Amino acid sequence: MVTIGDVAKAAGVSRSTASYAFSGKRPISAEVRVRVQDLARQLGYTPNAGARALATAQTMVIGLLAQFLEDEFKPAMLQYMLGVSDTARELGYDTLLVTESDGAHALDRITSSRMVDGIVLLNVAHEDDRVPLLRAAPQPGALVGLTRDPSGVDVFDLDFEAAGRLMVGHLHAAGHRELVLVSQPEHVVERGGSYVWRLRNGAQDEAGRRGMVLHAVFGASRQPEVGRELHALLDAHPGVTGLLLNNEAAAAALPSVLHDRGLRAPEDLSVIGRYSDEFARTFSLPFSSIDSAPDRLGELAVRQLVHRIETLEAGEEPDVLHLLAPELVDRGSTGTPHRS
């Protein structure tokens with residue numbers, strides 16, 4: 001059986017350097033890493049995960065707890081999951097995806113059995129019963145999403161309040177005075193989806209400060225319901241000149257709604273959404289948007305988690321609370337108001 005020592009000898013490097021070429025735990029040159037991995041393939045060597053775990057007390061696996069919830073748009077959740085798994089793979093870690101509805105039980109099971117070296121939580125609620133368990137776990141944890149008490153874990157999220165202010169301020173500067181904000185379904189708020197009310201609060205505060213009218217409503221998370229709701233909103237508020245979307249399903253439905261009504265953005269209605277650039281490309285959305293940055297947030301969470309895993313002193317470092325500043329991606333869907 002070919003060993004890591006055989007690969008190291010063939011590559012002309014030390015055994016530890018050859019090991020690092022597979023684990024990614026220490027920086028080595030790209031040339032050396034490629035040479036070691038190429039020779040390993042030629043010799044038929046495959047890293048033994050079980051032996052590595054016994055030798056290092058590490059599994060090189062990150063647990064990702066996520067759920068595909070009925071009242072959220074599933075393609076949007078996939079973007080966050082990819083941000084985590086792609087970065088983990090880059091850093092030499094596999095990802096164990098856990099989608100059980102009883103997230104607290106699943107978290108307890110995989111941490112107490114030492115199946116993973118660290119945990120990333122998605123679908124984070126304002127009051128989340130998984131967070132106290134994660135604080136008490138022997139492995140470090142990171143959240144993509146803000147919870148009420150973020151102490152004891154590292155937290156990464158978009159600054160949704162600043163996003164709401166930016167959306168309203170941008171349209172105010174263009175001359176708009178009456179807007180509609182379509183948020184995620186009310187059920188998302190009821191179970192603790194704080195990003196919904198955080199963006200709404202920021203938008204309402206900015207609108208009030210600038211003397212604007214903002215109609216804030218909840219929208220469905222799927223077609224055809226959300227399309228019918230958009231039609232009803234535009235019928236109910238004929239004076240509205242700007243539409244803000246904190247709801248991916250509504251954003252995906254809007255092009256057909258505008259087409260049916262003979263409207264164009266920005267000539268008849270200015271539009272700003274909140275979703276990722278990848279989401280906009282997938283659904284061919286021509287609307288300006290606040291980038292929700294799921295890939296960036298997943299990357300930040302995993303890099304911080306791996307830092308905690310691999311650095312002895314990291315356990316003494318203060319908790320990280322990183323709210324990503326919103327960025328407006330201009331796709332030309334906003335302008336001066338023209339509707340009466």
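Bear in mind the structure is a predicted one, so any value in this text is a computation, not a measurement.

J.: Break down the overall build of the protein chain for me, citing the residues and quoting the values.
T.: A tally of helices and strands in the protein chain yields 14 helices and twelve strands. If one aligns the C-alpha atoms of the protein chain with their principal axes, the spans along those axes are about 80 × 40 × 35 Å. Looking at the 340 residues of the protein chain, the share that counts as buried comes to 49%. Considering only intrachain contacts with a sequence separation of at least 6, the fraction spanning at least 24 residues in the protein chain is 71%.

J.: Give a detailed account of the nonpolar core, specifying residues and quantitative values.
T.: The tendency in soluble globular proteins is for nonpolar side chains to be buried side by side. Core analysis: the biggest nonpolar cluster contains 45 residues, and Ile62, Tyr93, Val120, Leu122, Leu244 and Val302 have the highest contact counts within it. With seven residues, the top contributor of residues to this core is helix H14 (residues 294–310). With near-sequence residues (within four places) excluded, Val120 lies in contact with Ile62, Gly63, Leu64, Leu65, Val84, Ala142, Val144, Val302 and Leu305. Among the nonpolar cores identified, the runner-up in size contains 26 residues, and Leu233, Leu245, Ala251 and Leu269 belong to it.

J.: Please provide a residue-by-residue account of the packing of helix H11 (residues 225–236) against helix H12 (residues 248–261), values included.
T.: At their nearest, the axes of H11 and H12 sit 9 Å apart, and the two run at 60° to each other. Put simply, H11 runs oblique to H12. Regarding H11 and H12, the two cross each other, and that crossing is right-handed. For the pair formed by H11 and H12, the contact residues are Val226, Gly227, Leu230, His231, Leu234 and Asp235 on the first element and Ala249, Ala250, Ala253, Leu254, Val257, Asp260 and Arg261 on the second.

J.: I'd like a rundown of the sheet that holds strand E10 (residues 288–291), residues and numbers included.
T.: If you trace the six strands from one edge of the open sheet to the other, you get E7-E6-E8-E9-E10-E12, paired in mixed fashion. The sheet is open, and its two borders are formed by strand E7 (213–218) and strand E12 (328–329), each paired with just one other strand. One ladder, built from four bridges, connects strand E6 (residues 178–183) with strand E8 (residues 242–245); its direction is parallel. In the strand pairing of E8, Val182 is matched with Leu245. This element, helix H8 (residues 160–173), spans E6, E8, strand E9 (270–275), E10 and E12 of the sheet and lies at about 165° to E9. Sitting on the sheet, helix H10 (residues 194–209) touches E6, E7 and E9, and the angle it makes with E7 is about 165°.

Cut-offs used in this document
Residues numbered from 1 in each chain as written. Predicted model: local features only at pLDDT ≥ 70, side-chain atom pairs only at ≥ 80, totals over all residues. Heavy atoms only, no water. Helix = DSSP H or I, 4+ residues; strand = E, 2+ residues; numbered from the N terminus. Buried < 20%, exposed > 50% of the residue type's maximum accessible area, 1.4 Å probe, protein only. Contact = heavy atoms within 4.5 Å. Core = buried A, V, L, I, M, F, W, Y, C linked by side-chain atoms within 4.5 Å. Axes fitted to C-alpha atoms, helices over the stretch in contact; angles between N-to-C directions. Parallel < 35°, antiparallel > 145°, perpendicular 65-115°, else oblique. Left-handed = near helix turned anticlockwise from the far one by under 90°. Pairing = 2+ DSSP bridges.

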